Amino acid sequence: GGLVALDWAVSGVGGSHQKRRRTSSHSTSPILLIIPNSFGKITRNVLKLCEVALTHGYLPVVFNRRSHNATPLCTVKLQQFGDPGDLREAVRYVRYRQPVSRLYTVSESTGSGLLLSYLGECGSSSYVTAAACLSPVFRCQSWFEIGPSWPLQWALVIYQKICLSRYRTVLGETVHTDALFSSCSLRGLEEALFCHPQSSKVAQADATSGSSGGAWEAYWERNDPLRDIDEVAIPVLSVCAQDDPIRGDHQSTLPLELFESNPHFFLLLTTRGGHCGFNTQEGSTFSGTPGTSWSHRALLEFFRATTDFIAAEERAKQAARRRGLGGGTQGKSYRHRSVSTCKRLPACSHSIHTIYNWQRSYTR
């Protein structure tokens, strides 16, 4: 019942004809679905990622939530932080437009909450080959409660109020707009939008008395990005920096146990890089010109490595079938032989078989 927008990035060469051809083609070029931060701000990092993806043969498309980035708000319902319903519809549409293309996803900052929610809720039916999170915020409830440093938090609050101010009258039907526009914190904004519906007298009383702990906890039970994290069925790379001023101290804000125990999650943790920074410098071991983000090239290399690994597994499976490993023992024989069969294939430059020590499970 709402409206979201998909912005397809195209090369500057070719003009309007290039735009029409890119957005309507059923080509086999891989799709890179980019999820910006949860505030809807299209940053320089997102624009640069689109540029790099285009040069590597991807078709980049940016997902905009309801009312974000000049998307009209046609219903009074906004998208909750970790509600993947709209993203699921967008993925279905992309697959309809590009049915034979592989789909990869990248999220930025707090936008990773939506991506992880989608991957966890959809599991093996996400239609995504691999995903990456740039400077993700994992423990989102505590992040909203504590927030980043005060100057940055104030800037984010002001930005959200400006974006929502054009809908002040219509939002008044479902939201306490007085509480919304008088809030001075990220938590206050989120609570006013989603935890105090205007139609509920009980909620109004709670808002007046300040007793909203129950509604706040219930909200994050539904929207915590890690609520279904064990259901994620694809490789996910997280690129983080220890000096990230937005996320906070990495020891307390990064779920290190997730990367140690779950074979689908990979962590690239650097000493420096800030928040979605990761710029190259002279003498850097990463390719690219100074001032560009090496994290973009790293995640594209991760996608290529994952694709090569999956292709090697498919070849190994087909080879096993040709050798006559059929009947009821086919699955068992393949599970025991797939790794060794892959190792007999030509070695990859990125030594992907030393990275992946797990085997995919195939479901019907």
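Residues numbered from 1 in each chain as written. Predicted model: local features only at pLDDT ≥ 70, side-chain atom pairs only at ≥ 80, totals over all residues. Heavy atoms only, no water.

## A word on the overall build of the protein chain
Quick note on the threshold: Numbering of helices and strands runs from the N terminus, with a helix taken as a DSSP run of H or I at least four residues long and a strand as a DSSP run of E at least two residues long. Relative accessibility decides the category of a residue: with a 1.4 Å probe and only protein chains considered, values under 20% of the type maximum give buried, values over 50% give exposed, and everything between is partly exposed. Accessible surface is estimated by sampling points in the Shrake-Rupley manner with a 1.4 Å probe; for residues, cover comes only from the protein chains shown.
Counting its regular elements, the protein chain contains 16 helices and seven strands. In the protein chain, which comprises 364 residues, the proportion classed as buried is 48%. Carbon together with sulfur atoms contributes 52% to the accessible area of the protein chain, which is approximately 17,800 Å² in total.

## Focus on the side chain of Asn223
Using the following cut-off: Pairs of N or O atoms are called polar contacts if they sit within 3.5 Å, as long as, within protein, a hydrogen donor faces a hydrogen acceptor (for residues adjacent in sequence, only side-chain-to-side-chain pairs).
In this fold, Asn223 is placed in helix H11 (residues 213–223). For Asn223, a relative accessible area of 1% gives the class buried. Here Gln80 takes part through its side chain, which lies 3.0 Å from a polar atom of the side chain of Asn223. A distance of 2.9 Å separates a polar atom in the side chain of Asn223 from the backbone nitrogen of Gly82.

## What about the pairing of strand E3 (residues 59–64)?
Which entries qualify depends on this criterion: The pairing criterion is simple: DSSP has to find at least two bridges between the two strands. With its strands directed away from the observer, a crossover is right-handed exactly when the path from the first strand over the helix to the second travels clockwise.
With six of its six residues buried, E3 lies for the most part within the structure. For strand E1 (residues 5–8) and E3, the ladder comprises four bridges, and the chain directions are antiparallel. Residue pairing across strands places Leu6 opposite Phe63, the latter belonging to E3. Pairing between strand E2 (residues 31–35) and E3: four bridges, direction parallel. Among the inter-strand pairings, Leu33 is bridged to a residue of E3, identified as Val61. Of the crossover connections in this fold, the one passing from E2 over helix H2 (residues 44–55) to the parallel E3 is right-handed.

## Overview of the environment of Arg44
With respect to the helices and strands, the residue Arg44 is situated in helix H2. The exposure class of Arg44 is exposed, given its relative accessible area of 54%. When the C-alpha atoms of Arg44 and Cys276 are compared, they prove to be 9.7 Å apart, with 232 residues separating the residues in sequence.

## What about the sheet that holds strand E6 (residues 236–241)?
For clarity, the threshold we go by: Note on method: axes are straight lines fitted to C-alpha atoms, helices fitted across the in-contact stretch only, with angles between N-to-C directions ranging 0 to 180 degrees. Residues are treated as being in contact if the distance between any of their heavy atoms lies within 4.5 Å.
Strand order in the open sheet formed by seven strands is E1-E3-E2-E4-E5-E6-E7, and the pairing between neighbours is mixed. Two strands in the sheet have a free side with no partner beyond their single neighbour: E1 and strand E7 (265–270). For this sheet, the mean inter-axis angle between neighbouring strands, taken without regard to orientation, is 20 degrees. As judged from the five bridges shared by strand E4 (residues 103–108) and strand E5 (residues 130–134), these two strands associate in the parallel manner. Counted as the bridge partner of Ser107 is Cys133 from E5. The strands that helix H14 (residues 294–322) touches are E2, E4, E5, E6 and E7; relative to E5, the one it contacts most, it runs at about 160 degrees.

## Section: the packing of H2 against H14
To keep things clear, this is the line we draw: Throughout, the term roughly parallel applies to angles under 35 degrees, roughly antiparallel to angles over 145, roughly perpendicular to angles from 65 to 115, and oblique to all others. The crossing is said to be left-handed when, going from far helix to near helix, the turn is anticlockwise and less than a right angle, and right-handed when the turn is clockwise.
Contact geometry for H2 and H14: axes closest at 10 Å, N-to-C directions at 50 degrees. In terms of axis orientation, H2 runs oblique to H14. In this structure, H2 meets H14 at a crossing whose hand is right-handed. Judged by residue contacts, Asn45, Lys48, Leu49, Val52 and Ala53 of H2 engage His296, Leu299 and Leu300 from H14.

## Quick notes on empty space enclosed by the protein
One water molecule sets the probe size; rolling that probe over the atoms shows where empty space is left. Selection rule: Of the two site types, the cavity is a set of points on a 1 Å grid over the protein atoms alone where a 1.4 Å probe fits but cannot get out, and the pocket is an open set with protein on both sides within 12 Å along at least five of seven lines, each lined by residues with an atom within 4 Å of a point. Grid points are joined across faces, edges and corners, and a volume is the space filled by probe spheres set on the points. As a working rule, the residues Ala, Val, Leu, Ile, Met, Phe, Trp, Tyr, Cys and Pro are called nonpolar, Asp, Glu, Lys and Arg charged, and the rest polar, with Gly in that last group.
What the rule picks out here adds up to two cavities of 30 Å³ or more. The wall of the largest cavity is formed by 16 residues, among which Ser38, His68, Gln79, Gln160 and Leu193 lie closest to the centre. Each residue belonging to the lining of the largest cavity can be placed in one class, and the counts come to eight nonpolar, five polar and three charged. Taken as a whole, the second largest cavity encloses approximately 40 Å³ of empty space. Taken together, Ile35, Pro36, Asn37, Gly40, Phe63, Asn64, Arg65 and His68 make up the full set of residues lining the second largest cavity. Residue composition of the lining of the second largest cavity, grouped by class: three nonpolar, four polar and one charged.

## Focus: the packing of aromatic side chains
The geometry of two aromatic rings is summed up by the distance between their centres and the angle between their planes. The line we're drawing: Any two rings among Phe, Tyr and Trp, with Trp reduced to its six-membered ring, count as a pair given centres within 6.5 Å; such a pair is stacked if its planes are under 30 degrees apart, edge-to-face if over 60, and tilted if neither. Whether a charge sits over a ring comes down to the Lys NZ or Arg CZ being within 6 Å of the ring centre and within 35 degrees of the ring normal.
Summed over the entire model, instances satisfying the criterion amount to 16 aromatic pairs. Look at Trp216 and Tyr219: their rings are 6.2 Å apart centre to centre, the planes differ by 20 degrees, and that puts the pair in the stacked class. Here the residue Trp216 and the residue Tyr219 both occupy positions in helix H11, the gap between them amounting to three residues, near one helical turn. Residue class for Tyr219 comes out buried when judged on its relative accessible area of 0%. Positioned over the ring face of Tyr127 is Arg95, at 3.7 Å from the centre of the ring.

## Description of the confidence of the model for the protein chain
The line we're drawing: Confidence scores here are pLDDT values: one per residue, from the predictor, ranging 0 to 100.
In the predicted model, the protein chain carries a mean pLDDT of 81, and 77% of its residues have values of at least 70. Taken element by element, the protein chain is modelled with least confidence in helix H15 (residues 330–343), mean pLDDT 39, and with most confidence in E2, mean pLDDT 97. Taken together, the stretch residues 199–211 has pLDDT below 50 and engages in six contacts with residues farther than four places along the chain or on a different chain. A low-confidence stretch, residues 329–350 stays under pLDDT 50, and its non-local contacts, those more than four residues away or across chains, total 29 contacts.

## A few points about helix H6 (residues 150–165)
The condition that has to hold: The span expected for a helix works out to 1.5 Å for each residue beyond the first.
Its 16 residues give H6 an end-to-end C-alpha distance of 22 Å, which sits within 8% of 22 Å, the value for a rise of 1.5 Å per residue. Against helix H5 (140–146), helix H7 (168–171), helix H8 (177–182) and helix H9 (186–194) lie the buried residues of H6.

## Quick notes on H9
With eight of nine residues buried, H9 is to be regarded as a mostly interior element. Within H9, burial applies to Leu186, Gly188, Leu189, Glu190, Glu191, Ala192, Leu193 and Phe194.

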